Amino acid sequence: MSGKSSAWLAILLALICFICNANSRSIQQPASGSQCGYQSCHPTKPNMLNVHLVAHTHDDVGWLKTVDQYYYGSETRIQKAGVQYIIDSVVEALLRDPEKRFIYVESAFFFKWWKEQTPKVQDAVKMLVEQGRLEFIGGAWSMNDEATTHYQSVIDQFAWGLRLLNDTFGECGRPRVGWQIDPFGHSREMASMFAQMGFDGMFFGRLDYQDKDERLMTKNAEMIWHGSANLGEQSDLFSGALYNNYQAPDGFCFDVLCSDTPIIDGKHSPDNNVKEKVDAFLDFAETQSKYYRTNNVIITMGGDFTYQAAQIYYKNLDKLIRYANERQANGSNINLLYSTPSCYLKSLHDAGITWPTKSDDFFPYASDPHAYWTGYFTSRPTLKRFERDGNHFLQVCKQLSALAPKKANEFDPHLNFMRETLGIMQHHDAITGTEKEKVALDYAKRLSVSFKACEATTRNVLNQLSVPASQQQSGKYVLEFKNCPLLNITSCPVSESNDRFSLTLYNPLGHVVSEYIRIPVSGSEYKIIDNKGVELATQVVPVPGTVNNIKHRASTAKYELVFRATNIPALGYRSYYIEKSESSRKTLKPQATPKATSSVTFIGNENIKLGFDTNGFLSEVTADGLTRLVTQDFLFYEGAVGNNAEFLNRSSGAYIFRPNENKIDFSSDHVEIEVYKGDLVEEVHQKFNDWISQVVRVYKKDSFAEFEWLVGPIPIDDNIGKEVITRFSSDIESDGVFYTDSNGREMIKRKLNHRDTWDVKINEEVAGNYYPITTKIDLEDDTARMAILTDRAQGGSSLKDGSLELMVHRRLLRDDAFGVGEALNETEYGEGLIARGKHHLFFGLSKDREGVSLKSLERLVQLEKLLPTWKFFSNVENYTAEEWRTSFTNTFSGVSLVLPKPVHLLTLEPWHENQLLVRFEHFLENGEDAMYSKPVQFNVKNVLSSFNVESMRETTLDGNAWLDETQRLQFAPDSEAAAFNTYGTFPQEADSVQLLRADKPLLEVKYSDEALPAGQLGAESNRIKREINPSLYNMYDARKSKLSDEDIDMSLYADSDSKDYIVELSPMEIRTFIVYLSEA
Ligand SMILES: [Zn+2]
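Definitions and cut-offs
- Residues numbered from 1 in each chain as written.
- Predicted model: local features only at pLDDT ≥ 70, side-chain atom pairs only at ≥ 80, totals over all residues.
- Heavy atoms only, no water.
- UniProt positions renumbered as here; feature names shortened; annotations may be inferred.
- Patch = residues over 30% accessible without salt bridge, like charges linked within 9 Å, V, L, I, M, F, W, Y side chains within 5 Å.
- Areas by Shrake-Rupley, 256 points an atom, 1.4 Å probe, with all protein chains shown as cover.
- Salt bridge = Lys/Arg side-chain N within 4 Å of Asp/Glu carboxyl O.
- Lys, Arg positive; Asp, Glu negative; His and termini not counted.
- Charge placed at Lys NZ, Arg CZ, Asp CG, Glu CD.
- Helix = DSSP H or I, 4+ residues; strand = E, 2+ residues; numbered from the N terminus.
- Donors = N, O, S within 2.8 Å, 3.2 Å for Na, K, Ca; no water.
- Tetrahedral: all angles 85-135°; square planar, octahedral: opposite > 155°, others 65-115°.
- Buried < 20%, exposed > 50% of the residue type's maximum accessible area, 1.4 Å probe, protein only.
- Pairing = 2+ DSSP bridges.
- Axes fitted to C-alpha atoms, helices over the stretch in contact; angles between N-to-C directions.
- Disulfide = S-S within 2.5 Å.

The name an unreviewed UniProt entry assigns to the protein chain is Alpha-mannosidase, from the organism Drosophila ananassae. Per UniProt, the comment on the protein chain under Catalytic activity (unreviewed entry) is "Hydrolysis of terminal, non-reducing alpha-D-mannose residues in alpha-D-mannosides." Note on the protein chain: under the UniProt heading Sequence similarities (unreviewed entry), the record states "Belongs to the glycosyl hydrolase 38 family."

Listed below in structure tokens is the structure:
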């Protein structure tokens, strides 16, 4: 793209994205005289039951309609929902009456609305925010999913949403409470992140129906959640399960979208229903209060896209409050008030009581005995992978924007657009795959445009860094630095059609890396020269026939050119010159061994060896001196089909995984294989059937194996939906125990048919044991250990000892009746969708391994696979190798000192003017490695020496509040005795607990009538003993070093000026800083 067209793109993006005129204000103090925060809460009455009415709207950032269709309110036939009208109408209602309150959650919508307002309206809204009448809650770009999202992306989308709130409203715009009312289950890492962002608490809607029943019956629905097994009290978060999901009580949805009767108070009206309505509402509130601990209850008055005509809801709420509270004169002890979740939380805090604790998570989520929401862990596998690519390139774009010697005006709009797009992708109906097909395509299109925007920036910066100033011409780039977005199907026009091209590998990690690189090429002879003029060893491997046969894959690549790129600088790049040649001594030709073998076929190296039996299946693995039986196969479940009229007839769908009778089919009993061995990589190409194939490879220097699978189009001509898994089986005696990651960070222990906090009854043996795998699943016994890394979120489990399975793709023919209204039947070019991806298999000693532990090796590879080098291609037809080498700067590093091994430079991005936002993360857990699971220290000034660092200051995890000024509300845990006695019995009056509505609101399917008699699901406490920490906690205690004396590197302290820049990290700790740069 020329400079001209990138300027055009900048203008376009300036129109679409918000706040491009980066406000140079940083973290703000409250405006003087502002009344926001807890002081703006309406007073409660100490001797009464206080009913906190929370007027709210749940605005999905895309689901049945696209983001823009929701915002503008188009496509009303699909859903009557227009977010612009909601905010217009709520603001008007709030301005009319200072008593009223409203909360708003999704920054993606709010700021779209905000930039369309006149300064007068903006001033009025600022006033509402400063008086606490309009309160932001959650505040991220979207209400992110918690199962399929990666922590890096969650942190990013909070940082951006909270920053715009801070830039616009200052301290009063800062949310205090997390509001995860709709995501389908809740991760422990999310709780930890909220805590580290300084949130006081979080409320959520969806948890397993049995867990909810149990928690309500034992008054444990509000709790202190220990968000981390490593970080201690700084990760504790007060969390509350809402009583009625996020709906209004039945009969009290007064919204224009609802059909409930309004409150009719005409004195002589024959329809006067004041008594009846108030009776019913107070009854609801009283019932709810029996399940909670204080004399406060929260009642959500709203739902999906409610308040498009706010006065209708508010008028009826006014009447409800007035008539209910009038009864206080006659002895009623119930007090209704306009409130917000944070005001409710403050009341809970001020009650001064103790709370139960929790240390596991809320997965999987089941809404009834046959509806386990574990299908969405895998739904839309290609969108899930595309999102991960998006995160990868966003980090590259951030870093290069920060490293640019000269900033261009369009950098900020480009970067903001990609930040916002990735924020949208985290939404609980985006990355989850639970949106309509058309909406999924809209997400993919947005993401693709954002790649182009950031590509314009990276091209500019890389040209600045590699082309000498004398050769740079304004408005024209010397080198192309193109992305090849179709590398996932081994296709790249630049490398296929040019006889000479350069490859620039940009390394976004704070470590020097070496990596095996694969490039699609049309010929079989190539010469690769590095920046020093050294010719590298190469190998070519044929593109598998099954990849060549992908329809609509317009590629001439017959081979993949493989080489090992070594010592790629941290936060920098190294470039290579690649030339097609008649013959090169260094290119190794493929050697296919005979297809039919009568003995075991081996591939591998001295670290790991894989054996394949005569049927072509993996049969054994040798590593760390252990040889064990390990098999791998593809199988599929048949998706259950039903009319969804009752629980038993539930279909498998976009949300729900429900295999038909838990039956599983093998994809084949014989695998065709081809074997290719060279000096760099050894590969087995497997073909299982017409729609499943795989390449298993081991690179020369790796100690793990790569499984690149290709699945689809999943056939449906037998009218059976299929859910395809890969299964690795071993003889490891795992005893029903396995481990899964939480959003890509800490591992959580799982046990078959078990939940940590209640005695679960699982009615769907397979689906009810599925967990979200964002990056890793593993199991072990005393001797051996097996772990698999994924390249995107997938559902997974261990249903048999020693066996791990991951669902890679699913194609279904029925809707599961949770609102999306479509079968998950993805197609492209008129055929079923094809998905391709990678698993990395680790195998070896579970303990006492020589050198580093397998766990720490897995952590390092996990990072290198998440953020590998980014490939930029340029046509260099006009340069000989020598000309190329002497004309350009072919290597660069943005950091001068590499970080200690267990430290990941999680974030480096331009923030406000002359500021960087930087995060450092210790990426090992306690006990994962004898050497690396230790606290470490380093000096930030040395690391960032290529920047003119003036000073730095630590913030909360989101980067928008000073850590030393942040206070959180503290909650005290139950004493051990209280946990078992005080709340273990339940008052007699409660006959039943309503099984709450499982469906999305405003849709036809309703299960709210299902009630279970008290006790059926555990009215007697069968609660499992929890660990209780009796001490109060405060995350902001002055930091004490956890390093032992001999581990402190005194040289870091040598220079007194540098002391302020020393950072210490304990296992799993993330620290966030604003770094001030001196003005250029
Ligand atoms: Zn939602």
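Visitor: Provide a residue-level description of a negative patch on the surface, including the pertinent values.
Guide: Negative charge collects at one region of the surface, where Asp-412, Glu-913, Glu-950 and Glu-1079 lie side by side. As for its placement among the helices and strands, Glu-1079 is situated in the segment after β51 (1070–1077).

Visitor: Break down the coordination of the zinc ion for me, citing the residues and quoting the values.
Guide: For the zinc ion, the full set of protein donor atoms is His-58 (NE2), Asp-60 (OD), Asp-182 (OD) and His-428 (NE2), at a range of 2.0 to 2.1 Å. Geometry at the zinc ion is irregular, judged from the four donor atoms that bind it and their angles of 91 to 162° at the metal. Within one chain, the residues donating to the zinc ion are spaced in sequence as H-x1-D-x121-D-x245-H. Here His-58, found in strand β1 (residues 49–58), pairs with His-428, found in the loop between α13 (411–425) and α14 (437–466); they are 370 residues apart in sequence, far enough to count as distant. Judged on exposure class, the residue His-58 and its partner His-428 are both buried.

Visitor: Go over the sheet that holds strand β46 (residues 949–955) with me, naming the residues and quoting the values.
Guide: Spatially, β43-β44-β51-β46 is the arrangement adopted by the four strands of the open sheet, whose pairing is antiparallel. Two strands close off the open sheet at either side, each with one partner strand: β43 (903–910) and β46. Averaged over all neighbouring strand pairs, the angle between strand axes comes to 25°, with direction disregarded. Pairing geometry for β43 and strand β44 (residues 915–922), over seven bridges, is antiparallel. Bridge pairing links Val-903 to His-922 in β44.

Visitor: Which residues make up the state of the cysteines, and what values go with them?
Guide: Scanning all chains against the criterion turns up five disulfides. With a sulfur-sulfur separation of 2.1 Å, Cys-397 is cross-linked through a disulfide to Cys-454. One quick way to see it: the torsion about the S-S bond of Cys-397 and Cys-454 is about -80°, and its sign makes the bridge left-handed. Of this pair, Cys-397 sits in helix α12 (residues 381–403) while Cys-454 is found in helix α14, placing the two residues 57 residues apart along the sequence. On the basis of relative accessibility, which here comes to 0%, the residue Cys-397 falls in the buried class. Covalent S-S linkage joins Cys-484 and Cys-492, the inter-sulfur distance amounting to 1.9 Å. Residues Cys-484 and Cys-492 share a disulfide whose torsion about the S-S bond is about 55°; that sign makes it right-handed.

Visitor: Give a detailed account of the pairing of strand β24 (residues 626–639), specifying residues and quantitative values.
Guide: With respect to burial, β24 is a largely interior element, 11 of its 14 residues being buried. Here strand β23 (residues 618–623) runs beside β24; their pairing, made up of four bridges, is antiparallel. Paired with Thr-622 across the two strands is Thr-627, which belongs to β24. In this antiparallel pair of consecutive strands, β23 and β24, the connection spans two residues, and Asp-624 shows a positive phi of 50°. Where β24 meets strand β30 (residues 722–730), nine bridges bridge the pair, whose relative direction is antiparallel. Following the sheet pairing, Glu-638 is matched in β30 by Lys-722. Note that β24 and strand β25 (residues 659–666) share four bridges and pair antiparallel. Each residue of the ladder has a partner; that of Phe-636, found in β25, is Asp-665.

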